[in-house]
Amino acid sequence: MAERSYNDTVNVQNEIKIREQLKELPYFCKEFFIGIEPNTQSRTRLAYAYDLGLFFYFIKETNPYYAKQDINAFPIDILDQITATDIEEYLSYLKYYEKDGVEHTNDERGIMRKLASLRSLYNYFYKKEKIEKNPALLVNMPKNHQKNIIRLDVDEVASLLDKVDSGEGLTDKQKIYHEKTKIRDAALITLLLGTGIRVSECVGLDIDDVDFKNNGIKVHRKGGAETIVYFGDEVEKALRTYLAERENIIACDGHQNALFLSMQNKRIGVRSVENLVKKYAKTVTQLKNITPHKLRSTYGTSLYRETGDIYLVADVLGHKDVNTTRKHYAAIEEDRRRYAAKMVKLRDDSPREDS
């Protein structure tokens with residue numbers, strides 16, 4: 001059997017999880033997930049499944065009328081019985097709750113996502129004319145206060161790459177593994193810093209996705225589209241060095257074409273990349289919580305500072321909406337506007353000779 005691609009594998013795993021989650025949801029939700037499948041990614045549907053499961057759990061726990069019913073037996077009429085006030089109480093509940101003895105909290109972003117999931121459910125059945133009300137639309141989306149974007153400074157980028165090469169600052173135990181993985185780690189982190197690709201795009205790369213003739217890599221974006229992202233000389237050097245080592249590694253069945261391998265010779269996972277980035281970043285800065293996404297922000301910042309072209313940055317980062325990019329780099333735009341104000345001189349301040 002041919003080796004399944006990383007994205008196909010993730011989609012299959014997500015579909016399995018969705019089917020398991022559907023067993024805990026009201027029966028009518030199955031129709032909803034089938035209906036939205038053509039226009040959504042599997043991970044989006046999985047997030048919806050978890051979010052809706054929590055909403056109906058809240059209804060069962062707080063509404064005496066439904067307390068004695070199994071959630072999967074809830075009728076579709078329940079959607080008409082729920083009011084905008086009920087949904088607002090649910091959003092308040094999300095800020096802190098306990099489930100199965102575990103405490104949970106949600107920030108503004110988490111609450112917004114869960115309301116979006118509920119709106120999607122209501123919109124689907126309202127358009128199908130299977131419910132008469134759409135209270136989810138009457139609830140305002142929580143205000144999302146923008147946080148400062150954490151990124152590495154230029155000197156911190158250079159220091160991080162030096163630490164990956166040398167292992168300086170790692171614990172004795174970490175140094176043992178470092179000797180075995182430093183070439184891979186250098187290639188991986190240099191690639192993230194030099195292209196701004198997402199960690200999921202990085203772990204999904206296959207060997208034949210790398211094109212040294214044009215210095216590009218083929219990546220699968222969030223929406224499912226394929227695109228070519230180009231890289232510079234530093235990335236090329238790091239990748240060539242790693243691939244020379246990679247040729248001598250015998251990968252496990254089903255992982256032979258994976259570009260980056262774990263210590264178990266399987267395709268490296270997102271969590272492993274997050275951990276290795278955090279490990280090296282701590283040798284550079286203790287104040288910044290550096291993740292693969294922060295390396296992506298670092299690249300975007302550098303590219304914008306160098307080019308001043310927000311549309312180019314949006315395209316390279318794979319943002320569908322340039323306003324998403326503009327929002328992230330608004331602070332840099334403010335710096336550029338301040339700089340522009342100093343560039344135009346209305347009068348020449350140099351002393352003039354009397355005629």
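Before reading further, recall that the structure is shown in the block above.
Here's what I pulled together on the structure shown here. Keep in mind that this is a model prediction, so the values were computed, not measured.

### Side note on the overall build of the chain
A count of helical and extended segments in the chain gives 15 helices and five strands. If one aligns the C-alpha atoms of the chain with their principal axes, the spans along those axes are about 85 × 75 × 40 Å. The burial tally for the chain puts 41% of its 355 residues in the buried class. A fraction of 59% describes how many contacts in the chain between residues 6 or more apart in sequence connect residues 24 or more apart. Within the structure as shown, the chain displays about 21,500 Å² of accessible surface, and the carbon and sulfur contribution to it stands at 48%. Averaging the coordinates of the 56 positive side-chain charges in the chain and doing the same for the 55 negative ones gives two points 1 Å apart.

### Looking at a positive patch on the surface
Residues Arg43, Arg109, Lys222, Lys320 and Lys327 make up a contiguous surface patch of positive charge. Within the secondary structure, Arg43 sits in helix H3 (residues 42-62).

### Examining the packing of aromatic side chains
Inspection of every chain in the model, using the stated rule, returns 17 aromatic pairs. Summarising the aromatic geometry, the rings of Phe58 and Tyr90 are spaced 5.4 Å apart at their centres and angled 50° between planes, so their arrangement reads as tilted. With Phe58 in helix H3 and Tyr90 in helix H5 (residues 84-94), this pair connects stretches of sequence that are 32 residues apart. Judged by its relative accessible area of 5%, Phe58 is buried. Judged by its relative accessible area of 1%, Tyr90 is buried.

### A look at the pairing of strand E2 (residues 102-105)
The pairing of strand E1 (residues 96-99) with E2 spans four bridges and is classified as antiparallel. Across the sheet, the residue bridging to Glu98 is Glu103, located in E2. Linkage of E1 to E2, two consecutive antiparallel strands, is achieved through a turn of two residues, within which Asp100 is found at a positive phi near 55°.

### Considerations on H5
Taken together, the buried positions of H5 are occupied by Ala84, Ile87, Tyr90, Leu91, Tyr93 and Leu94. If you follow the buried residues of H5, they end up packed against H3, E1, E2 and helix H6 (108-127).

### A short note on the pattern of salt bridges
Tallying each qualifying case throughout the model produces 15 salt bridges. Across the pair Lys23 and Glu20 runs a salt bridge whose closest N-O atoms are separated by 3.1 Å. Ionic pairing is found between Glu274 and Arg271, a salt bridge with its closest N-O pair at 3.5 Å. Remark: Arg271 and Glu274 occur in helix H11 (residues 270-281); sequence separation between them is three residues, near one turn of the helix. The partly exposed category is assigned to Glu274, whose relative accessible area is 31%. Through salt bridges with shared partners, a single network forms among Asp51, Arg113 and Lys114.

### Digging into helix H8 (residues 172-195)
A bend of about 70° at Thr181 is the largest found in H8. One or two steps after H8, the chain reaches Gly196, where phi turns positive at roughly 75°.

### Describing the layout of surface pockets
Roughly 690 Å³ of volume is contained in the second largest pocket. Surrounding the second largest pocket, 26 residues form its lining, Leu161, Thr190, Leu193, Glu234 and Val235 being those nearest its centre. Looking at the lining of the second largest pocket, the elements that each hand over two or more residues are helix H7 (154-166), H8, helix H10 (233-246) and helix H12 (292-307). Residues that form the lining of the second largest pocket fall into these classes: 13 nonpolar, six polar and seven charged.

### Things to note about the side chain of Arg45
Inspection of the secondary structure puts Arg45 in helix H3. Overall, Arg45 belongs to the buried group, its relative accessible area being 6%. Within the local environment of Arg45, its side chain forms a polar contact with the backbone oxygen of Glu37, the two atoms lying 3.4 Å apart. When near neighbours in sequence (up to four residues on either side) are disregarded, Arg45 contacts Glu15, Ile18, Phe33, Ile36, Glu37 and Thr40.

### Side note on the packing of helix H2 (residues 29-36) against H6
Where H2 meets H6, the axes come as close as 10 Å, and the angle between the chain directions of the two elements is 90°. By the angle between their axes, H2 is roughly perpendicular relative to H6. Between H2 and H6, the contacting residues are Cys29, Glu31, Phe32, Gly35 and Ile36 on the first element and Ser120, Leu121, Tyr124 and Phe125 on the second. Residues belonging to the contact of H2 with H6 are distributed by class as follows: six nonpolar, two polar and one charged.

### Examining the sheet that holds strand E5 (residues 226-230)
Pairing is antiparallel in the open sheet, where three strands are placed in the order E3-E4-E5. With partners counted over all chains shown, the strands left at the sheet margins are strand E3 (210-211) and E5, one partner each. In this structure, strand E4 (residues 216-220) lies alongside E5, joined through five bridges in antiparallel fashion. Looking across to E5, one finds that Ile217 is bridged to Val229.

Reading the values: rules and limits
Residues numbered from 1 in each chain as written. Predicted model: local features only at pLDDT ≥ 70, side-chain atom pairs only at ≥ 80, totals over all residues. Heavy atoms only, no water. Helix = DSSP H or I, 4+ residues; strand = E, 2+ residues; numbered from the N terminus. Buried < 20%, exposed > 50% of the residue type's maximum accessible area, 1.4 Å probe, protein only. Contact = heavy atoms within 4.5 Å. Areas by Shrake-Rupley, 256 points an atom, 1.4 Å probe, with all protein chains shown as cover. Lys, Arg positive; Asp, Glu negative; His and termini not counted. Charge placed at Lys NZ, Arg CZ, Asp CG, Glu CD. Patch = residues over 30% accessible without salt bridge, like charges linked within 9 Å, V, L, I, M, F, W, Y side chains within 5 Å. Salt bridge = Lys/Arg side-chain N within 4 Å of Asp/Glu carboxyl O. Phe/Tyr/Trp six-rings, centres within 6.5 Å; stacked < 30°, edge-to-face > 60°. Pairing = 2+ DSSP bridges. Bend = angle between axes of the 7 residues up to and from the residue. 1 Å grid on protein atoms, 1.4 Å probe; cavity = no way out; pocket = protein on both sides within 12 Å on 5 of 7 lines; lining within 4 Å. Points joined across faces, edges and corners; volume = space filled by probe spheres on them. Nonpolar A, V, L, I, M, F, W, Y, C, P; charged D, E, K, R; others polar. Polar contact = N/O pair within 3.5 Å; in protein donor to acceptor, adjacent residues only side chain to side chain. Axes fitted to C-alpha atoms, helices over the stretch in contact; angles between N-to-C directions. Parallel < 35°, antiparallel > 145°, perpendicular 65-115°, else oblique.

Keep in mind that these numbers describe shape and distance, not what the molecule does.
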